[in-house]
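The lines below spell out each chain.
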Amino acid sequence: MKHVQGLVTRMAKSRYPVLILGETGTGKEVVAQAIHNLEGKGRFVVVDCSSLVGPLMESELFGHKRGSYTGAHTDKLGLLDEANGGTAFFDEIGDLPLELQMKLLRVLQEKEYRAIGALVSRSSNFRVIAATNRNLEAEVAAKRFRQDLYFRLNVMKLRLPPLRERREDIPLLISHFLQRDGKGHKVPDDVMDRLCRYDWPGNVRELEHTVQTMVAMNTGPWFSVADLPSIFGNKKKERDSLATEALTVEDSGDQIVPLGDLEKSAILRALRVTKGDRTLAASSLGIGRTTLYRKLKEYGM
């Protein structure tokens, strides 16, 4: 992480595009914000690419003119207008639909775009920082991500390691979260040992959530093993159960179950076990939170 910190400092000295890679919850937005803060110019505007779906996605990015479509009662500035002079952070750029990838590439090349319903183009001078939990090279090979856009974004690259690859940071992060959210709480060795041995599929975000849950449920000052969220005990059993169920269906010979149905069943089971907590459900399934949201929308859940 000291190496990452050094890269952040160097990257802030120029306005070339930065591509941040890492699993969900590793702190990609935190790093992007740090790069922006060191540069100290303009606003930091987050563009959530996983939410840019449907007919209004261009309006969110580029804005629109009054009367350009039903419901457009006033002129609206887009996110790229807001980022003028500052930084546009494209979170989960790998989720951006192909049709918008082409239009974004043109914007990055020309620094100009046209709002919906506008007759003239306008410009916005913003720095680009993009982040994703996907393997963009594999996405390019599968033709789900434009190669020219990938090259345009991949000028300076930074990879954030998952928490399981830097377990020595876990006690430091817990101490930080307790200083911020705790009320004099303390972590005994047996609890700390379990926290350090856990794989943290949700990474730093999951660790933060876990500490907050323990603080909320414990009167203090010492935590105990009983204060650990149930996911610590249920996660492995849940995954084993899902795997067993899938194998049973496959080997029974009674019927062939579509993969989509198995996936939907696994999501429903995870939400039931976590009592509707989507962050924990995503962690249990080993997927990112934005991926879970996309699947929920896809299956109409």
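The text that follows walks through the structure, step by step, so that each part is easy to find.

1. Concerning helix α12 (residues 259–273)
Phase 1: Along its 15 residues, α12 runs 21 Å from first to last C-alpha, staying within 8% of the 21 Å computed at 1.5 Å per residue.
Phase 2: Looking one or two places after α12, you find K275, whose phi comes out positive at around 55°.

2. Quick notes on the side chain of S50
Phase 1: Assignment of secondary structure puts S50 in the loop between β2 (44–48) and α3 (57–62).
Phase 2: Dropping the residues within four chain positions of it, S50 is found in contact with D91, E92, D95 and T290.

3. Digging into the nonpolar core
Phase 1: Counting residues in hydrophobic clusters, the biggest one holds 30 residues, and the most contacted among them are L61, L80, F90, I93, F126, F145 and L153.
Phase 2: Listed by contribution, the elements that provide at least two residues to this core are β2, α3, α4 (79–82), β3 (87–91), α5 (98–110), β6 (127–132), α6 (136–141) and α7 (147–153).
Phase 3: Looking at this core, the element that brings in the most residues is α5, giving five residues.
Phase 4: Once residues lying within four places of it in the same chain are set aside, the contact partners of L61 are V47, L52, G78, L79, L80, F90 and L100.
Phase 5: Residues F177, L207, M214 and I231 belong to the second largest nonpolar core, which totals 22 residues.

4. Points about the side chain of K295
Phase 1: Mapping K295 onto the fold places it in helix α14 (residues 289–298).
Phase 2: A relative accessible area of 17% places K295 in the buried class.
Phase 3: In this view, K295 contacts E263 and I267; residues no more than four positions away in its chain are not counted.

5. Here's the deal with the packing of helix α8 (residues 170–181) against helix α9 (residues 189–197)
Phase 1: For the pair α8 and α9, interaxial distance at closest approach is 10 Å and the crossing angle is 115°. Classified by chirality, the crossing of α9 by α8 is right-handed. Counted together, I170, P171 and I174 of α8 and M192, L195 and C196 of α9 form the full contact between these two elements.
Phase 2: When its residues are assigned to classes, the contact of α8 with α9 shows six nonpolar, no polar and no charged.

6. Some details on unusual backbone geometry
Phase 1: For W200, which is not a glycine, the phi torsion comes out positive at approximately 50°.
Phase 2: Note that W200 resides in the loop between α9 and α10 (203–217).

7. Let's talk about the layout of surface pockets
Phase 1: Roughly 990 Å³ of volume is contained in the largest pocket.
Phase 2: Listing elements by their share of the lining of the largest pocket, those giving two or more residues are α1 (2–11), α2 (28–39), β2, α8, α10 and α14.
Phase 3: Its residues assigned to classes, the lining of the largest pocket shows twelve nonpolar, seven polar and eleven charged.

8. Observations concerning the environment of N133
Phase 1: Following the sequence through the fold, N133 ends up in the loop between β6 and α6.
Phase 2: Excluding residues that lie within four positions of it along the chain, N133 makes contacts with G22, E23, T24, K28, E92, G288, T290 and T291.
Phase 3: Within the local environment of N133, its side chain forms a polar contact with the side chain of T24, the two groups lying 2.8 Å apart.

9. Points about the sheet that holds β6
Phase 1: Read from one edge to the other, the open sheet built from five strands follows the order β2-β3-β6-β1-β7, with strand pairing classed as parallel. Here the strands that pair on one side only, and so sit at the sheet edges, are β2 and β7 (156–159). Put simply, the sheet's adjacent strands are angled 20° from each other on average, direction ignored.
Phase 2: Inspection of the sheet shows strand β1 (residues 18–21) paired to β7 by four bridges, in the parallel sense. Bridge assignment links V18 to a residue of β7, and that residue is M156.

10. Quick notes on empty space enclosed by the protein
Phase 1: Taken as a whole, this structure holds one cavity of 30 Å³ or more when the rule is applied.
Phase 2: The space that makes up the largest cavity amounts to roughly 60 Å³.
Phase 3: Along the walls of the largest cavity sit T24, G202, R205, T279, A282, S283, I287, G288 and R289, which together make up its complete lining.
Phase 4: It is helix α13 (residues 278–285) that provides the largest number of residues to the lining of the largest cavity, a total of three residues.
Phase 5: Partitioning the lining of the largest cavity into residue classes produces two nonpolar, five polar and two charged.

Quick notes on the rules
Residues numbered from 1 in each chain as written. Predicted model: local features only at pLDDT ≥ 70, side-chain atom pairs only at ≥ 80, totals over all residues. Heavy atoms only, no water. Helix = DSSP H or I, 4+ residues; strand = E, 2+ residues; numbered from the N terminus. Expected span 1.5 Å × (residues − 1). Contact = heavy atoms within 4.5 Å. Core = buried A, V, L, I, M, F, W, Y, C linked by side-chain atoms within 4.5 Å. Buried < 20%, exposed > 50% of the residue type's maximum accessible area, 1.4 Å probe, protein only. Axes fitted to C-alpha atoms, helices over the stretch in contact; angles between N-to-C directions. Left-handed = near helix turned anticlockwise from the far one by under 90°. Nonpolar A, V, L, I, M, F, W, Y, C, P; charged D, E, K, R; others polar. 1 Å grid on protein atoms, 1.4 Å probe; cavity = no way out; pocket = protein on both sides within 12 Å on 5 of 7 lines; lining within 4 Å. Points joined across faces, edges and corners; volume = space filled by probe spheres on them. Polar contact = N/O pair within 3.5 Å; in protein donor to acceptor, adjacent residues only side chain to side chain. Pairing = 2+ DSSP bridges.

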